[in-house]
Amino acid sequence: MIVFVLVVFGGIGAGVQALSNTERVTSMWVGAEIRADGSARITEVIDYDFGHSGDTHGVYRDVPGSPFEDADNLRVSMDGHKVPYEDTYGDYYQDEKGERTLADRLKVGDPGHTVGGVHRYRIQYVLPDVVKGGKLAWDAVGTGWKVDRANVEIHVVDAYGFTGLRCEHGSWDNGKPCTAEQNEPGHLVVRLDKLSGHEGLTLYATAAKTKTETPVVLPTAPTGTAVGTSLPQPLGNGGLFAALALACVALTLCVLRFAGRDRVQEDGGRVRRVEVERLARSVTPSATPPEDLTPAQAGVLHLEKVTDQHKVAWLLDAAVDGHLTIEGDDQYPVLKRHGRPVNREIRDVLDRMFTGGSSLALGFRNPSFKAGWEDLSWKLEVWRHASDLWDTTLTQRLARWGKAQLAVLLLALALVITGGVLNGRRIAAGLPVLLVGAVAAGLGLAVFARGWELDRRTPRGSALWLQVEAFRRYLADPASCPDAPPAEETAERYTAWAVSLGCRGRLGRGRRRLDRGSESGAGFLAGCQ
C-alpha cells in the first residue's frame, strides 16, 4: 500500500508539472535603431520555453508593415545557428484606434522536426515608418502574442533626442501606463517584469529638432544560451520524489521498530529491550504447546495481527473440543454444531454463524457465517489489546494524533501539487517544495501504515512468544523432537496449531479430516465476500 500511494503522489506531482509547464517567453529583448528615413532596424532576442508540448516546430512573429518581405535585411537564427523560416500571411492586427491591418507572419522552425525546452531566437528586420512627421509611435511588442512574456526590455536609439515620452502596455483597448526613461539623449529604455498573453507595449515620443552631441549606439543584444534551463522530465522529478519518500519510509520504519522493541526479563529480574526475533535464532524446538494460549491466540501473538488462518484455526480448535464437526467434501464442507458451549466467546460466535440452525454449508454466500466470521475477528482483536502480552502505551498515544497523521498526508499532497506547479513554471523553489513533500509523505505513510510496530511485547508476552516459536519449529519438522509422540497420533490435536502458525504441511496424513476445515475457511472467503 505504501509503495502504491507514493507512486500515486509522484504521478500527481509529475502530472501537475507537465500541465503547469506551458509555453512562455522567459526573456524578451527588443532594440530599434531609427534611420534617417523614419524606418528602424529591429533586433529581437526571444528566449522561448516550449514546455512539454512535444508537438511544436518553432515560433512565429506577426508584424504589420510587411517587414519580412525584404529578404536582404532579414536575419534569423536559433541558439546561434541558422534555422529555416517562411514568410506568409498572419492574423489581422488591430491598433489603438481600432483599425485592422493584415500582419506579415514569419514562421521560424523546421517543419520536419519538433522542439522542446528553452531556445534563443534572434530575428533582425527593417520596419518602415516607425517615425513619421517627427513622431515616434511604435508597437515594440505586439498584442498578437498568446503566451506570457517575462523580463521584457526595450531599447530605442536615434540620432535625435526625444521629448514627450509616453509608454503604454496592455491590450489594444485597455492600455496602462508604463515607465520609459531616456538614459542619455537619443536612447529610450523600457523594462517590464511581465506581459501577459495578448498584451503589448507601445512607445510614443517626439523627435528633437537637433542631433545629439555624440552618436548613440544600440546596446549589444544578449548572446549565449537562453534564459531558463530545461527542466528534467516530469517523470524524473516523480521518480526522485518516490525515491526520497521510500528512503524516509525505510528510516521511519527503523525508528518505529527500534522504539517498539520487545521487553525480555533476564534471570536476575532485570528487564531489557530486545528484538525477540534475534533470540529466536537460538530457540530449541519443543513438542509442548504453550498452556496459556489457544491456537488462534498463539498465531496472533506470533504475527502481531489477526489473519484468516487464525480464524480457521479457531474453528478447528472448536471442532477438536467437540463443539462442531466438519463433514462433506473439500469443495463444499459442512459444519455441524453440537450443543451450546459453556465458553461465552465460542457460544456467541457460533450463534452468529449458525443463527439458530445446527448445520452450515460453506462455499456459498452466507451472510450469517460472514457476520460470525467478522465477529470472530473483532473478538481476537479485543483479546489482543486487552491482554497483558503487549504494552500499547505508545500506540494509544499515536492514535490520539490520528487527525494530525491525516493532516501530514494532506500537507504532503499539497506540497506535491505546489512543487509540481512551481517546477512547471521554472521557479527555483519548486524542487525543494517537492522534496519536502516527499519527506512528509514518507513519514506520514510509514506512521499511518505501520504505527502498530510501537506495540511492544511485555516480558510475559516475549516469554510466551518464544514458547510459541519453539512449538512452531516442532510442527514444521516433527523429527526435530524424536522423543515426542508420532505425528499421526497428535495430528488431530495439533492441526489447529499448525494452521494458526502456518506450518500444517508437515503433520502427515492423520489430520486430513480436520484439514478440510482450513480449506472450508478459504472456501467461505471465496463465496461470502
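Each value, and the rule that gives it
Residues numbered from 1 in each chain as written. Predicted model: local features only at pLDDT ≥ 70, side-chain atom pairs only at ≥ 80, totals over all residues. Heavy atoms only, no water. Helix = DSSP H or I, 4+ residues; strand = E, 2+ residues; numbered from the N terminus. Buried < 20%, exposed > 50% of the residue type's maximum accessible area, 1.4 Å probe, protein only. Contact = heavy atoms within 4.5 Å. Disulfide = S-S within 2.5 Å. Pairing = 2+ DSSP bridges. pLDDT = per-residue confidence, 0-100. Core = buried A, V, L, I, M, F, W, Y, C linked by side-chain atoms within 4.5 Å. Expected span 1.5 Å × (residues − 1). Polar contact = N/O pair within 3.5 Å; in protein donor to acceptor, adjacent residues only side chain to side chain. Axes fitted to C-alpha atoms, helices over the stretch in contact; angles between N-to-C directions. Parallel < 35°, antiparallel > 145°, perpendicular 65-115°, else oblique. Left-handed = near helix turned anticlockwise from the far one by under 90°. Nonpolar A, V, L, I, M, F, W, Y, C, P; charged D, E, K, R; others polar.

Chemist: Could you clarify how one ought to interpret the environment of Q309 in this entry?
Modeler: Positionally, Q309 belongs in helix α5 (residues 308–320). Residue classification places Q309 among the partly exposed residues on the basis of a relative accessible area of 29%. Separated by 10 residues in sequence, Q309 and G299 place their C-alpha atoms 8.3 Å apart. Setting aside chain neighbours within four positions, we find Q309 in contact with L303, V499, S500, L501 and G502.

Chemist: Where do I start with the state of the cysteines in this structure?
Modeler: Put plainly, a disulfide is one covalent bond tying together the sulfur atoms of two cysteines. A complete count under the given rule lists one disulfide for this structure. Covalently, C167 is tied to C178 through a disulfide, its sulfur atoms 1.7 Å apart. Residues C167 and C178 share a disulfide whose torsion about the S-S bond is about -75°; that sign makes it left-handed. Taken as a pair, C167 in strand β12 (residues 160–171) and C178 in strand β13 (residues 174–178) lie far apart in primary sequence, 11 residues in all. Of the two residues, C167 and C178, both sit in the buried class.

Chemist: I tried to follow the pairing of strand β4 (residues 75–78) on my own but got confused; where do I start?
Modeler: Side-chain direction in a regular strand flips from residue to residue, so the side chains alternate between the two faces of the sheet. Both β4 and strand β8 (residues 118–127) contribute to a ladder of four bridges, which runs antiparallel. In the sheet register, V76 faces β8, and the bridge partner there is I123. The pairing of β4 with strand β5 (residues 81–82) spans two bridges and is classified as antiparallel. Counterpart to S77 in the pairing with β5 is K82. Remark: two residues form the turn of the hairpin made by β4 and β5, two consecutive strands paired antiparallel; D79 in that turn has positive phi of roughly 55°.

Chemist: Can you help me understand the confidence of the model for the protein chain in this one?
Modeler: Note: predicted coordinates in regions of low pLDDT should not be interpreted at a detailed level. Mean pLDDT over the protein chain: 83, with 90% of residues reaching 70 or higher. Within the model, pLDDT remains below 50 along residues 506–529, and this stretch shows 56 contacts once partners closer than five positions in the same chain are excluded.

Chemist: Explain the nonpolar core here, please?
Modeler: When a protein is soluble and globular, its nonpolar side chains tend to lie buried together. Grouped together as the largest cluster of nonpolar side chains are 51 residues, with contacts concentrated most on M353 and L475. Those elements giving two or more residues to this core turn out to be α4 (295–303), α5, β19 (324–328), α6 (344–354), α7 (367–386), α11 (459–476) and α12 (487–500). Formed by 46 residues, the second largest nonpolar core is a distinct cluster that contains Y48, V130, V152 and C178.

Chemist: Whenever I open this one, helix α1 (residues 2–20) confuses me. Can you help?
Modeler: A turn of α-helix holds 3.6 residues, and therefore any two residues three or four places apart point the same way. When the terminal C-alpha atoms of α1 are compared, their 27 Å separation across 19 residues agrees well with the 27 Å that a helix rising 1.5 Å per residue should span. All of the buried residues along α1 are I2, V5, L6, F9, G10, G13, A14, V16, Q17 and S20.

Chemist: What should I look at first to understand the environment of D79 in this one?
Modeler: Looking at the element boundaries, D79 is found in the loop between β4 and β5. Take D79: its relative accessible area is 31%, and that puts it in the partly exposed class. Those residues in contact with D79 that lie beyond four places of it in its chain are H119 and R120. In terms of polar contacts, D79 uses its side chain to reach the side chain of H119, at 2.7 Å.

Chemist: How should I be thinking about the packing of α1 against helix α2 (residues 234–259) in this particular structure?
Modeler: Between two packed helices, what matters for the description is the angle formed by their axes and the separation of those axes. Packing of α1 against α2 brings their axes to within 8 Å, and their N-to-C directions diverge by 150°. Taken together, the axes of α1 and α2 lie roughly antiparallel to each other. Considering only the axes of α1 and α2, their crossing is right-handed. For the pair formed by α1 and α2, the contact residues are I2, V3, L6, F9, G10, A14, Q17 and A18 on the first element and P234, L235, N237, G238, F241, A245, L246 and V249 on the second. For the contact of α1 with α2, the class distribution of residues is 12 nonpolar, four polar and no charged.

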